[in-house]
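# Chain and residue survey
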There are 2 protein chains.
Amino acid sequence: MGASVVSIKDVATVAGVSTATVSRALANPDKVQSKTRDKVLEAVHKTGYVTNSLARSFRTKRTRTVVVLVPDITNSFFANIIQGIEQVARSNNYRILLGDMQNDPENALAYGELCAQRQADGLISLCRTIPFEYSKSRKTVDPKWPPLVMACEYDDIIAVPGVGIDNEAAALDGVRYLAKQGHRRIAFINGPEDSPLCRDRLKGYKKGMAELGQRAVADLVFHGDFTLDSGAQVARQMCSAKKLPTALFAANDAMAIGALQVIKRSGVSVPKDISIVGFDDVKFSAYCDPPLTTIRQPRREIGALSMQMMLDQLEGEAARGKRIQLPYELIVRDSVATI
Amino acid sequence: MGASVVSIKDVATVAGVSTATVSRALANPDKVQSKTRDKVLEAVHKTGYVTNSLARSFRTKRTRTVVVLVPDITNSFFANIIQGIEQVARSNNYRILLGDMQNDPENALAYGELCAQRQADGLISLCRTIPFEYSKSRKTVDPKWPPLVMACEYDDIIAVPGVGIDNEAAALDGVRYLAKQGHRRIAFINGPEDSPLCRDRLKGYKKGMAELGQRAVADLVFHGDFTLDSGAQVARQMCSAKKLPTALFAANDAMAIGALQVIKRSGVSVPKDISIVGFDDVKFSAYCDPPLTTIRQPRREIGALSMQMMLDQLEGEAARGKRIQLPYELIVRDSVATI
DNA sequence: CTGTTAGCGCGTTCAG
DNA sequence: CTGAACGCGCTAACAG
């Protein structure tokens, strides 16, 4: 129709009204007579007009876009959370701008800036660091920061709105479950030490071990980085030691599965010789051999809820500083044996 | 500093120059005297100015944002491609807006509209459908469409710039490899029938079977939807039939792994009784039992190249209609036995 | 090399 | 209920 780009002005001309009326007819249909509204709609159709949302955002100072910052998009754990976020975003007419940190905090800061540059209204972080610069002494949210929600992870010091599970309790439950099956020498493969979430899981693990009367567990605790490879690596270390534990608890399924393979290959049988429990309940866990007993996190719900909390902040019902914990669930499959 | 939002105007005042000069000093530093540039930079620092990229985009009509449309973000195959896209985007100061189709073509169209609404400059699709409305008779790219690149999949009829591998040749190679190990009854689990990529793989499979003198293979061809579950489902079907094939070739690793589990559980041994070959070389494939022989696609490169092609279109060196094929590679692990 | 001026497309006054 | 006029922050065109 219109040679190049049709604007609200062209629609106004065709409909024989003013641009203001077109704008109103589109944004607040009830603030305009139904007859004129129809005229406008017809003109919109005839001209093939589509709103320039850039101009709108510029004018209204709201982009309806949220940055989602992910540590590693390759990790399917995050994929489900993103899905949850995306779905709620979409049904509220929001869009998400994806930021993959790829293990470089510099990247995180760069994505954090997008809000200052007005490219996005807020930021949901699945990472464990706050993607803004701030002095170490800061104890509360900086009012200059854009709306922020932390899904999964949280910050030790600054109270940021967030969603997650009770990691300490979950880890404790994992250990208790193994204890109930008769295990006492239980090794733990944790994630990075600087992750608050991992610190909580370690606490839960230690608490469980203490219940078994074991307080010195240093030689049973290992660290990976949540990848399959790192789980395999740790298992190699473990296997080369003199005495294997009877059970292994990993802070995520990927590491559990990585370890599982190395252990099986070294000739020891799972679960007969060693039991394994994972964390997350990733899809693949049900397809291992043996299928992995693990602790499920409600990933989609975590994502959905964090986007909902973002909307609450954006739409004014500020819930600043609130942390919500969702229920987890132990999924029993075949990787644990009774002693 | 500035009470609320500082704009280029405030910087100009502080620096004692005009707004145009500030704009230039920031965008084309070499078009301005180094002395004034320093003054401006200092003023920027002093005021805490950050460019309102919304206003800039509005003015320049370029957002430096590209929509990436994914069929299912949960599938780790796509995650690596996104990573490749994202990296090239970032290093060219572009951002990506993620669209998860979630099996609903309506969603795809909605994301397709973002360009018309000026929220993005172009669209990279990892899906098999073109996310714009067009009449069935269309045979070429509509000049009104925004720059479009199809990664992985492509369209049968309309020549859209794209990146991928030679799926027919790859599937043929897979069958030939199995044939060389002595297999003749080779089943094939394909993806959705309406996917051009799957049609190509089927062609390759049939060609390979023809080389073995087998032209009637209908009872050996199955369909899944690329998920673990669908692979398992097909395997159940297969196992309930009277006679198992000696080898199984799946159009992706997830289906291969799903089938693998069901087959092992039904008491038949892999690879002794039945061999399996997958497609993609997803991370988990190396951690199955047995580790999966598969055909690797260069996912990251596919992503990177498709973003590069997008940039070429965006920056004017239009490469419209060009399809590039990247090399694939057979990764031999332990899931195939010689007969 | 720098300043002046205009205008991108929209939403929002304020009158009528 | 509708129209005229303004301005968001920035860059592009043109003068100086």
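Cut-offs used in this document
Residues numbered from 1 in each chain as written. Chains lettered and ligands numbered in written order. Predicted model: local features only at pLDDT ≥ 70, side-chain atom pairs only at ≥ 80, totals over all residues. Near = placed C-beta within 6 Å. Helix = DSSP H or I, 4+ residues; strand = E, 2+ residues; numbered from the N terminus. Least-squares fit on C-alpha atoms with pLDDT ≥ 70 in both. Contact = placed C-beta atoms within 7 Å. Nonpolar A, V, L, I, M, F, W, Y, C, P; charged D, E, K, R; others polar. Pairing = 2+ DSSP bridges. Axes fitted to C-alpha atoms, helices over the stretch in contact; angles between N-to-C directions. Expected span 1.5 Å × (residues − 1). Buried ≥ 20, exposed ≤ 12 C-beta atoms within 10 Å, placed from the backbone. Domains from an automatic or database assignment. Arc of directions from axis to C-beta.

Okay, the protein's contact with DNA strand D next. In the neighbourhood of DNA strand D, 25 residues make up the surrounding shell, with A:Ser18, A:Ala20, B:Ser7, B:Ile8 and B:Ser23 lying closest. For the surface near DNA strand D, the secondary-structure elements that each account for two or more residues are helix H2 (19-27) and helix H4 (53-60) of chain A together with helix H2 (19-27) and helix H4 (53-60) of chain B. Of all the elements, H4(B) adds the most residues to the surface near DNA strand D, at 5 residues.

Between the two copies, chain B and chain A, the superposition gives an RMSD of 0.2 Å; the rotation angle is 180 degrees and the shift along the axis is 0.0 Å. Accordingly, the operation relating the two chain copies is best matched by a two-fold axis. Proximity to the rotation axis, assessed at the C-alpha, singles out B:Leu97 in chain B; its C-alpha lies 2.2 Å from the axis. Here 100% of the interface residues in chain B have copies in chain A that are interface residues too; the copies meet face to matching face.

The full set close to DNA strand C counts 26 residues, and A:Ser7, A:Ile8, A:Ala20, B:Thr21 and B:Thr36 are the nearest of them. At the level of secondary structure, the elements contributing two or more residues to the surface near DNA strand C comprise H2 and H4 of chain A together with H2 and H4 of chain B. A total of 6 residues in the surface near DNA strand C trace back to one element, the largest contributor, which is H2(A). When grouped by side-chain class, the residues that make up the surface near DNA strand C number 11 nonpolar, 10 polar and 5 charged.

Contact with chain B, which involves 35 residues of that partner, is made by 35 residues of chain A. For the side of chain B that touches chain A, the secondary-structure elements that each account for two or more residues are H4, helix H5 (76-91), strand S2 (95-100) and helix H10 (253-265) of chain B. Tallying contributions element by element places H5(B) first for the side of chain B that touches chain A, with 6 residues. Tallied by class, the residues present in the side of chain B that touches chain A amount to 15 nonpolar, 13 polar and 7 charged.

All names here are of chain B. In space, the 6 strands of this open sheet follow the order S7-S6-S8-S9-S10-S12, with mixed pairing throughout. This sheet does not close on itself; its edge strands, each paired only once, are strand S7 (221-223) and strand S12 (329-331). Neighbour-to-neighbour, the strand axes of the sheet open up by a mean angle of 20 degrees, direction not taken into account. Of the pairings in the sheet, the one linking strand S10 (residues 293-296) to S12 comprises 3 bridges and is antiparallel in character. Residue pairing in the sheet places Arg296 in a bridge with Glu329 of S12. Its contacts with the sheet put helix H9 (residues 228-240) on strand S6 (186-190), S7 and strand S8 (247-250), and the angle it makes with S6 is roughly 145 degrees. In the packing of H10 onto the sheet, the strands contacted are S6, S8, strand S9 (275-280) and S10, and the crossing angle to S9 comes to about 155 degrees.

This part covers helix H9 (residues 228-240) of chain A. Since one α-helical turn is 3.6 residues long, residues separated by three or four positions face the same way. All names here are of chain A. If you check H9, its first and last C-alpha atoms are 19 Å apart, about what 13 residues at 1.5 Å a residue would give, namely 18 Å. Considered for burial, the residues of H9 that qualify are Leu228, Ser230, Gly231, Ala232, Val234, Ala235 and Met238. On the buried face of H9, the contacting elements are strand S6 (186-190), strand S7 (221-223), strand S8 (247-250) and helix H10 (253-265).

Residue and element names in this part refer to chain A. Entries for chain A in the domain assignment read domain 1 (8-60), domain 2 (65-164 + 299-327) and domain 3 (167-296). Look at where the C-alpha atoms of domain 2 and domain 3 centre, and you get two points 29 Å apart. Taken residue by residue, the interface counts 9 residues in domain 2 and 8 residues in domain 3. Looking at the side of domain 2 that touches domain 3 residue by residue, the classes come out as 3 nonpolar, 2 polar and 4 charged.

This part covers unusual backbone geometry. In the segment running from A:Val270 into A:Pro271, the intervening peptide bond is cis, with an omega of 10 degrees. Cis geometry marks the peptide bond from A:Asp289 to A:Pro290, where omega comes out at -5 degrees. Take A:Pro290: it is sitting in the loop between strand S9 (275-280) and strand S10 (293-296). The phi angle at B:Arg64 is positive, at roughly 55 degrees, despite the residue not being glycine. Its location among the elements puts B:Arg64 in the loop between H4 and strand S1 (65-70). With 17 C-beta atoms packed within 10 Å, B:Arg64 lands in the partly exposed category.

This brings us to helix H1 (residues 8-15) of chain A. Residues and elements named next belong to chain A. Every buried residue belonging to H1 is among Ile8, Asp10, Val11, Val14 and Ala15, and all of these are buried. Angularly, the buried residues of H1 cover 160 degrees about the axis, an arc narrow enough to put them on a single face. The inward-facing, buried residues of H1 abut H2 and helix H3 (34-47). Gly16 lies just past H1 and shows a positive phi near 70 degrees.

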